[in-house]
Amino acid sequence: MGRIKILDEHIANQIAAGEVVERPSSVVKELVENAIDAGSTRIDVAIEEGGLELIRVTDNGSGMERDDCEVAFFRHATSKIASSQDLFSIRTLGFRGEALPSIAAVSKVTCVTSTEQTGLGYKMVIEGGTVKTFEDTASPRGTDVQVRELFYNTPARLKYMKTIQTELGHVSDYMYRLSLAHPEIAFTLKHNGSQLFQTLGNGDMLQVIAAIYGTAVAKGMLPIEGEHLDYTIRGYIGKPETTRANRNAISTVINGRYIRNYTLIHALLQGYHTLLPINRYPIAAFHIQTDPTLIDVNVHPAKLEVRFSKEQELIQFVEQQVRQVLNRQILIPSAAQAKPKKEALIQEQLELYRPAAQAAEPQRDQASPSNSHRVGSYGDSDELSASAGDNAVRNEPSQATARSYEQQRESSYSDDRALRSLYDSIGSMDSYQPPQQQPPDGAEFGQTRASGPPASNSSKRADSLDYRQREKSPKEQAASNAAFLRSAIPDEEEAPPSLPAFPKLFPIGQMHGTYIVAQNEEGLFLIDQHAAHERINYEYYYEKFGKPAEASQELLVPITLEFTPSESERLKEKVPLLEQAGVYMEPFGGNAYLVRAYPHWFPQGEEKALVEEMTEWLLSERKSIDLGKMREKAAIMCSCKASIKANQSLSTLEMEGLLDRLAACRNPYTCPHGRPIVISFSTYELEKMFKRVM
């Protein structure tokens, strides 16, 4: 007698439940998806003890006839597929016919359903997969399914359930996803009688986002909408200033089905590019509509993954749409109003360091005698009181303040026309030479000349800004600068002329040698000088790494690098990649390598450290390395090392030049690591802090 037997229906359903019903949230998912397929406009979910005691899903959908109710709990019983061809054009959320029998096999189920408005319906009670009763009953139109004592007959599964709060979290999370996927349906979620979540069902996804993440997050969301030959996309993405520590706040919906697709998430993140800080992720919810024949949803037990027949086109489409939305925005975050600490005595601190700050800048004040508008240069008390009492200027600051400040700025440079001509000649960055060494006083962020006569204080500051090749004519400089800006960021389209421009900022001082304080008619701005210079250098170096071989120079004295035996062996395969970045290396016996050449525009004094970082990154990458990714990584490394650092004093002219070059960048809002460059305080926010407006 053979040993292979066909399992009976009950055992087969319990085995299937191991795949379909992992936890209470799986039951909620299957029942709510059935309610959506039934055309419901309202779905109420009530659970007790995290769903282990009770899961109740009530809808106002089409309901079931008596005959359909009898066979609905049999395995592979479905109304959504009639032939094998239907598998290639699935338009419903459920289609296998496994969920209901699997749930009934490990719990006690009561199903009440009706298709009539007369109040006549049917009630079926099932325990452990066995039908106990089936009778007529009074019921409104729709279906009411109650699942009690989940896993009561499978103690091993019940033993490994998590805490009630953990299970409740999984149920809530999936209800959030379904409500984002179907904003046209009114959802409610209750736990132990307390309402946790509710949507209106008016089709407004933004209101659903507000119900889930809060009103403040919803106000900062950006709409995204676009069409492709095979796909359409609509939804919302968050501004880079609103991020999360994981990807859980990203919801992708395909044809009304919430899915987990890391390829789409990666495309979304690529659209943000360097706008996001490291290890931070945006809030996003978007719907993608496509022909059902282009996707395969029958690839995952819980139907949470799909396969695309035109995946590459979809990835490029999503990335392009996200990038276009972000490029239309001025992404300067507004500073949150901080509550001052009780022990902080701001006035006393100002009195302590104010005289020292004035004494530390005697030459700067002499070089620019009209610097009354700068931080650290205080006017007479009569002037301060007069300006404080000027109600007209306070109430109408927009144009008058800008005009008066322009006059002050023009007059402050009128005494030194040589400096002004140097400032006006700021153009391209094609011959940028990073700093060879930091000057002892830390006052300049440009390079120090290795030879030549000593320059005066003012001319040295002007030279420190001159990252350009001065032999070029103004026309050549303008053309070179335009070409650089067009190629600075990878795969970005030309910005349309209607895009908002970076606001014109007028520096008024520096805070702690780290932050530039600037103003315009809109309010006050703080600029991280290191992040700003890093963004400028990043766009410059990214363009340079596009043609590194042309700039490579052979070294008279090669650089020797030592590696471990395993690293040395793996590095042999990575040497061609380094050559594509303009770095030429060769084995030198043992575990040593010689660096024979590298691009001449590498930051001076940082060449060895930069090559070491590039090789370490290449060795750490286990997967195939994309040339574009290596180009971007190398540009980030160079930009960080060549940028000015914190606690470095800048003159007004240097701050002007830095802000003007930042405004010329394609993305002047974040550094290459995603940190914000500019923070704004609107005039209204400042007046509110000082109780000028109530």
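Right above here is the structure, for reference.
Quick look at the structure, then. These numbers come from a predicted model, not from an experiment.

**Structural notes on the packing of helix 20 (residues 565-580) against helix 21 (residues 607-620)**
Contact geometry of helix 20 with helix 21 gives a least axis separation of 10 Å together with a crossing angle of 110°. Classified by the angle between their axes, helix 20 and helix 21 sit roughly perpendicular to one another. Listed contacts from helix 21 to E567, R570, L571, K574, L577 and L578 of helix 20 are M614, T615, L618 and L619. Considering only residue class, the contact of helix 20 with helix 21 consists of six nonpolar, one polar and three charged.

**Observations concerning the pairing of strand 8 (residues 194-198)**
Pairing between strand 7 (residues 186-191) and strand 8: four bridges, direction antiparallel. For K190, the partnering residue across the bridge sits in strand 8 and is Q195.

**Some details on the pattern of salt bridges**
Across all of its chains, the model carries 18 salt bridges by this definition. Here K29 and E30 are joined by a salt bridge, their closest N and O atoms 3.6 Å apart. The residue R675 makes a salt bridge to D528 at a minimum N-O spacing of 3.3 Å. With R675 in the loop between helix 23 (652-663) and strand 24 (678-682) and D528 in strand 20 (residues 523-528), this pair connects stretches of sequence that are 147 residues apart.

**Observations concerning unusual backbone geometry**
We note that N255 has phi near 50°; this positive angle belongs to a residue other than glycine. Along the polypeptide, N255 turns up in the loop between strand 12 (250-254) and strand 13 (257-259). Backbone geometry places H512, a non-glycine residue, at a positive phi of 55°. The topology assignment puts H512 in the loop between strand 18 (506-511) and strand 19 (515-520).

**Concerning the sheet that holds strand 6 (residues 142-148)**
Taken together, eight strands build an open sheet; the order of strands is 5-4-3-6-2-1-7-8 and the sheet is mixed. The open sheet is flanked by strand 5 (130-138) and strand 8, the only strands paired with a single partner. For this sheet, the mean inter-axis angle between neighbouring strands, taken without regard to orientation, is 15°. Sheet analysis places strand 1 (residues 42-48) next to strand 7, joined by six bridges and oriented parallel. The partner of R42 across the bridge, within strand 7, is A186.

**Quick notes on the sheet that holds strand 10 (residues 231-238)**
Strands sit in the order 9-10-15-12-13 across an open sheet of five strands; the sheet is mixed. Across the chains shown, the open sheet's two edge strands, defined by having one partner strand only, are strand 9 (221-227) and strand 13. Strand-to-strand, the axes of this sheet are offset by a mean angle of 20°, without reference to chain direction. Looking at chain direction, strand 9 and strand 10 are connected through seven bridges and run antiparallel. Looking at the pairing, M221 lines up with G238 of strand 10. Helix-sheet contacts for helix 6 (residues 164-181) involve strand 12, strand 13 and strand 15 (284-290), and the interaxial angle to strand 12 is about 50°. Relative to the sheet, helix 9 (residues 262-272) contacts strand 10, strand 12, strand 13 and strand 15, its axis offset from that of strand 12 by approximately 125°.

**A look at a negative patch on the surface**
A cluster of like negative charges, contributed by E65, D67, D68, E70 and E116, occupies part of the molecular surface. Relative to the assigned elements, D68 resides in helix 3 (residues 66-71).

**Brief notes about the nonpolar core**
Ranked by size, the top nonpolar core spans 56 residues in total, and within it V32, I43, V45, F73, V147 and F187 carry the most contacts. Apart from residues lying up to four places away in sequence, F187 is in contact with V32, I36, I43, M175, L178, S179, H182, F197, Q198 and T199. In terms of nonpolar packing, the next biggest core, distinct from the first, is built from 55 residues, L331, F502, A518 and L662 among them.

**Concerning the environment of I90**
By secondary structure assignment, the location of I90 is in the loop between helix 3 and helix 4 (99-105). Sequence separation between I90 and P292 is 202 residues, and the spatial gap between their C-alpha atoms is 6.1 Å. Filtering out sequence-adjacent residues up to four positions away, I90 remains in contact with F95, R257, P292 and V297.

**Details of the packing of aromatic side chains**
Evaluation of the coordinates by the stated rule reveals 11 aromatic pairs. With a centroid separation of 6.1 Å and 50° between ring planes, the pair formed by F545 and F602 is classed as tilted. Of this pair, F545 sits in the loop between helix 19 (529-544) and strand 21 (552-562) while F602 sits in the loop between strand 23 (592-599) and helix 21, and the two are 57 residues apart along the sequence. Just as F545 is buried, F602 falls in that class too. Members of the aromatic cluster, joined through ring pairs, are Y540, Y541, F545, Y598, W601 and F602.

**Observations regarding helix 7 (residues 205-213)**
Of the positions making up helix 7, those classed as buried are M205, V208, I209 and I212. When helix 7 is viewed along its axis, its buried side chains cluster within an angular range of 100° and face the same direction. Check the buried side of helix 7 and you find it contacts helix 6, strand 8, helix 8 (215-219), strand 9, strand 10 and strand 15. The N-capping residue of helix 7, defined by a side-chain oxygen 3.0 Å from the backbone nitrogen of L206, is D204. One or two steps after helix 7, the chain reaches G214, where phi turns positive at roughly 105°.

**Points about the state of the cysteines**
Within this structure, the stated rule accounts for zero disulfides. No disulfide involves C111; its nearest neighbouring cysteine sulfur is the one of C69, lying 4.6 Å away. Not part of a disulfide, C640 finds its nearest cysteine sulfur in C671, a span of 8.5 Å. With a relative accessible area of 29%, C640 lands in the partly exposed category.

About the criteria used
- Residues numbered from 1 in each chain as written.
- Predicted model: local features only at pLDDT ≥ 70, side-chain atom pairs only at ≥ 80, totals over all residues.
- Heavy atoms only, no water.
- Axes fitted to C-alpha atoms, helices over the stretch in contact; angles between N-to-C directions.
- Helix = DSSP H or I, 4+ residues; strand = E, 2+ residues; numbered from the N terminus.
- Parallel < 35°, antiparallel > 145°, perpendicular 65-115°, else oblique.
- Contact = heavy atoms within 4.5 Å.
- Nonpolar A, V, L, I, M, F, W, Y, C, P; charged D, E, K, R; others polar.
- Pairing = 2+ DSSP bridges.
- Salt bridge = Lys/Arg side-chain N within 4 Å of Asp/Glu carboxyl O.
- Patch = residues over 30% accessible without salt bridge, like charges linked within 9 Å, V, L, I, M, F, W, Y side chains within 5 Å.
- Areas by Shrake-Rupley, 256 points an atom, 1.4 Å probe, with all protein chains shown as cover.
- Lys, Arg positive; Asp, Glu negative; His and termini not counted.
- Charge placed at Lys NZ, Arg CZ, Asp CG, Glu CD.
- Core = buried A, V, L, I, M, F, W, Y, C linked by side-chain atoms within 4.5 Å.
- Buried < 20%, exposed > 50% of the residue type's maximum accessible area, 1.4 Å probe, protein only.
- Phe/Tyr/Trp six-rings, centres within 6.5 Å; stacked < 30°, edge-to-face > 60°.
- Arc of directions from axis to C-beta.
- Polar contact = N/O pair within 3.5 Å; in protein donor to acceptor, adjacent residues only side chain to side chain.
- Disulfide = S-S within 2.5 Å.

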